[in-house]
Amino acid sequence: MPNRPEVIVFDVNETLSNMGPMGQRFADVGAPAGLAKLWFAALLRDGFALTAAGDNPSFAEVGAEVLRGVLRGINLDRGLDEAVPYIMSGMLELGVHADVVGGVRALRDDGYRLVTLTNGATAVAERLFEGAGIRDCFEALLTVEDAPAWKPAASAYRYAADACGVPAEEMLLIAVHPWDIHGAARAGLQTAWVERGGAAYPSYFSVPDLTVAGIDGVAAALRER
């Protein structure tokens, strides 16, 4: 079994943040609420494509441009120049999932160093954690904006390891996205997959070291293994 990790690395978007309310932002401008999931998936797709081509794009810039494409042709109640920033600003108003606060505090109390590694901006994590009252649990909020590439590129995880001053194998990534689990595993990190919604884990990705139903199950799972 892997050794006890020194540093717990959290993905942010969807893993910690509840992005469900983004659907209401779309509805507020006259677009179908269901477009929120399409928009986020397209944002990741294009960000990954740019990363594969050797670029390190801005999450916000890609997100806004993708959003313009998603909304184009829809009969909105305002212009695109107003609708796009309104929807994008919703990322700063999100809350955490119900399992996050207790789970984060349990890991902190068990003596782990806690950091984030997000493809998005640090400001989103700052607002998210301040609102949830857990900002003091994290020693650093890391973003790929300061790394060579987006996750799941190996260089993103190596950047986090270097920033924390530990070998990759002494870090454990917690994420809801199988692609993030796979990238971290390939980079040498230990992994914990958050199985929200009962989705099957794709067999073509690296198997996570731990599988939990929520963030609040990680501390106990680490104690038991």
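About the cut-offs
Residues numbered from 1 in each chain as written. Predicted model: local features only at pLDDT ≥ 70, side-chain atom pairs only at ≥ 80, totals over all residues. Heavy atoms only, no water. 1 Å grid on protein atoms, 1.4 Å probe; cavity = no way out; pocket = protein on both sides within 12 Å on 5 of 7 lines; lining within 4 Å. Points joined across faces, edges and corners; volume = space filled by probe spheres on them. Helix = DSSP H or I, 4+ residues; strand = E, 2+ residues; numbered from the N terminus. Nonpolar A, V, L, I, M, F, W, Y, C, P; charged D, E, K, R; others polar. Disulfide = S-S within 2.5 Å. Buried < 20%, exposed > 50% of the residue type's maximum accessible area, 1.4 Å probe, protein only.

Caption draft 1: Structural view of the layout of surface pockets. By volume, the largest pocket is sized at about 490 Å³. Taken together, 19 residues line the largest pocket, and the ones lying closest to its centre are E14, M19, K37, F40 and H177. Of all the secondary-structure elements, those providing two or more residues to the lining of the largest pocket are β2 (17–18), α1 (22–28) and α2 (35–52). A total of five residues in the lining of the largest pocket trace back to one element, the largest contributor, which is α2. For the lining of the largest pocket, the residue count by class is nine nonpolar, seven polar and three charged.

Caption draft 2: Focus on the state of the cysteines. One pass over the structure, following the stated rule, counts zero disulfides. For C137, which is in no disulfide, the shortest distance to another cysteine sulfur is to C164 and amounts to 16 Å. Accessibility expressed as a relative area gives 6% for C137, which makes it buried. Residue classification places C164 among the buried positions, given a relative accessible area of 7%.

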